[in-house]
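Results of the structural survey
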Amino acid sequence: MSAYTVHEPPSRAGAAANVERFAFVRDGFSWWAFLFAPLWMLRHRMWLVLVGYVVVAGAIEVPVRLSGAPGFAASVIGLLLSLLVGLEAGTLRRFTLNRRGWKNLAVVSGDDLEDAERRFFDAWLQRKSSPSNGPYAPTPGPASVAPGWRGPLGSDVIGLFPEPGARR
């Protein structure tokens, strides 16, 4: 399963949330960003990231070529830089969206983008249709009051850590 972050664009005055513009950014390796880094950055309109990429690539490759290192060394350095962009593609997109004022709404997991969208919108619509925007709290009554569960009787361990002052 992949994890996706969900981002909402900045709201316009008096306009409702435009769910068609929500951005789902997958966390993980991006083959497109690895293979075609500058084109991938252009496609996602990541201008500042592209400028940074060109500056870093130039700052690394120019001294390597001027030092007389073999062309293989420059190729390996370029490959490693592309690998870094592929690994951090999701982070770079989140950075750009955050700079543009997009709001991070949630983190959703799913087998693919469609599954993640379905899970997010199911939960989002359920939250929007509830009478209060706060967390669900059952009304107190005889049927809903339950004693707090503390674990097995005589247990002095919470998870892997003993309670302070517990017998060994």
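The residue numbering used here restarts from 1 in each chain and proceeds along that chain's sequence as written. Only residues with pLDDT of 70 or above have their local features reported here, since the model is predicted, and side-chain atom pairs are shown and tallied only from 80 upward, although totals for entire chains, interfaces and linings are computed over all residues. Where side-chain values are given, they derive from all heavy atoms of the structure, hydrogens and water being excluded.

1. Some details on the packing of aromatic side chains
Centre distance within 6.5 Å is the pairing criterion for rings of Phe, Tyr and Trp, where only the six-membered ring of Trp is used; planes under 30 degrees apart are then read as stacked, over 60 as edge-to-face, and the remainder as tilted. Scanning the entire structure with this criterion turns up 12 aromatic pairs. Ring geometry for Phe 22 and Trp 124: centres 5.5 Å apart, planes at 75°, overall edge-to-face. Remark: Trp 124 occurs in helix α6 (residues 113-129) and Phe 22 occurs in the loop between β1 (2-8) and β2 (23-27); sequence separation between them is 102 residues. Here a set of aromatic residues connected by ring pairs shows up, and it is made of Phe 22, Phe 24, Phe 120, Phe 121 and Trp 124. The helix count covers DSSP runs of H or I at least four residues long, the strand count covers runs of E at least two residues long, and both are numbered beginning at the N terminus.

2. What to know about the environment of Ser 2
Assignment of secondary structure puts Ser 2 in strand β1. Measuring from C-alpha to C-alpha, the distance between Ser 2 and Gly 110 comes to 5.6 Å, with 108 residues separating the pair along the chain.

3. Some words on the side chain of Thr 5
Relative to the helices and strands, Thr 5 is located in strand β1. Whenever a nitrogen or oxygen atom comes within 3.5 Å of another N or O atom, the pair is scored as a polar contact, on the condition that within protein one atom can donate a hydrogen and the other can accept it, and that pairs from neighbouring residues in sequence are kept only if both atoms are in side chains. Looking at Thr 5, its side chain comes within polar contact range of the side chain of His 7, at 2.9 Å. Non-local contacts of Thr 5, meaning those with residues more than four positions away in its chain, are made with Ala 23, Phe 24, Val 25, Arg 94, Asn 104, Ala 106 and Val 107. Should any heavy atoms of two residues lie within 4.5 Å, those residues are considered in contact.

4. Digging into the packing of helix α3 (residues 47-66) against helix α4 (residues 71-87)
For helices, the fitted line uses only the C-alpha atoms of the stretch in contact; every axis is such a line through C-alpha atoms, and the angle between N-to-C directions lies from 0 to 180 degrees. Between α3 and α4, the shortest axis-to-axis distance is 10 Å and the interhelical angle comes to 160°. In this view, α3 runs roughly antiparallel relative to α4, as classed from their interaxial angle. Of the two possible hands of crossing, α3 and α4 adopt the one that is right-handed. Residues Tyr 53, Val 56, Ala 57, Ile 60, Glu 61, Val 64 and Arg 65 of α3 form the contact with α4, whose participating residues are Ala 73, Ala 74, Ile 77, Gly 78, Leu 81, Ser 82 and Val 85. Across the contact of α3 with α4, the residue classes tally to 10 nonpolar, 2 polar and 2 charged. Throughout, the term roughly parallel applies to angles under 35 degrees, roughly antiparallel to angles over 145, roughly perpendicular to angles from 65 to 115, and oblique to all others. In this scheme, a crossing is called left-handed if the near helix is turned counterclockwise away from the far one by less than a right angle; it is called right-handed if the turn is clockwise. Each residue gets one of three labels, nonpolar for Ala, Val, Leu, Ile, Met, Phe, Trp, Tyr, Cys and Pro, charged for Asp, Glu, Lys and Arg, and polar for the others, Gly among them.

5. Focus on a nonpolar patch on the surface
Each patch groups residues whose relative accessible area exceeds 30% and which form no salt bridge, using 9 Å between like charges and 5 Å between nonpolar side chains of Val, Leu, Ile, Met, Phe, Trp and Tyr. Each accessible area is a Shrake-Rupley result for a 1.4 Å probe, and residues are judged covered by the shown protein chains and nothing else. Any Lys or Arg side-chain nitrogen located within 4 Å of an Asp or Glu carboxyl oxygen qualifies as a salt bridge. On the surface, Trp 31, Trp 32, Leu 35, Phe 36, Leu 39, Leu 42 and Trp 47 cluster together into a nonpolar patch covering about 860 Å² of accessible area. At 3 residues, the largest contribution of residues to the nonpolar patch is made by helix α1 (residues 31-35). Looking at where Trp 32 falls in the secondary structure, it is placed in helix α1.

6. Brief notes about the pairing of β1
Using a 1.4 Å probe on the protein chains alone, a residue whose accessible area is under 20% of its type maximum counts as buried, one over 50% counts as exposed, and one in between counts as partly exposed. Burial analysis of β1 places 6 of its 7 residues in the buried class, which makes it a mostly covered element. Pairing geometry for β1 and β2, over 5 bridges, is antiparallel. Across the sheet, the residue bridging to His 7 is Ala 23, located in β2. Whether two strands pair depends on DSSP finding at least two bridges between them.

7. Some details on the pattern of salt bridges
Inspection of every chain in the model, using the stated rule, returns 5 salt bridges. Arg 65 is the partner of Glu 61 in a salt bridge, and the nearest nitrogen-oxygen pair spans 3.7 Å. A residue pair is termed a helical-turn pair when its members lie 3 or 4 positions apart in one helix, as Glu 61 and Arg 65 do in helix α3 at 4 residues. Of the residues examined, Arg 65 reaches a relative accessible area of 55% and is grouped as exposed. Across the salt bridge formed by Arg 119 and Asp 115, the nearest N and O atoms sit 3.6 Å from each other. Taken as a pair, Arg 119 and Asp 115 lie in helix α6 at a separation of 4 residues, close to a single helical turn. Since its relative accessible area comes to 9%, Asp 115 is described here as buried. Beyond isolated ion pairs, a larger network of salt bridges with shared partners links Asp 115, Arg 118 and Arg 119.

These figures come from the coordinates and say nothing about function on their own.
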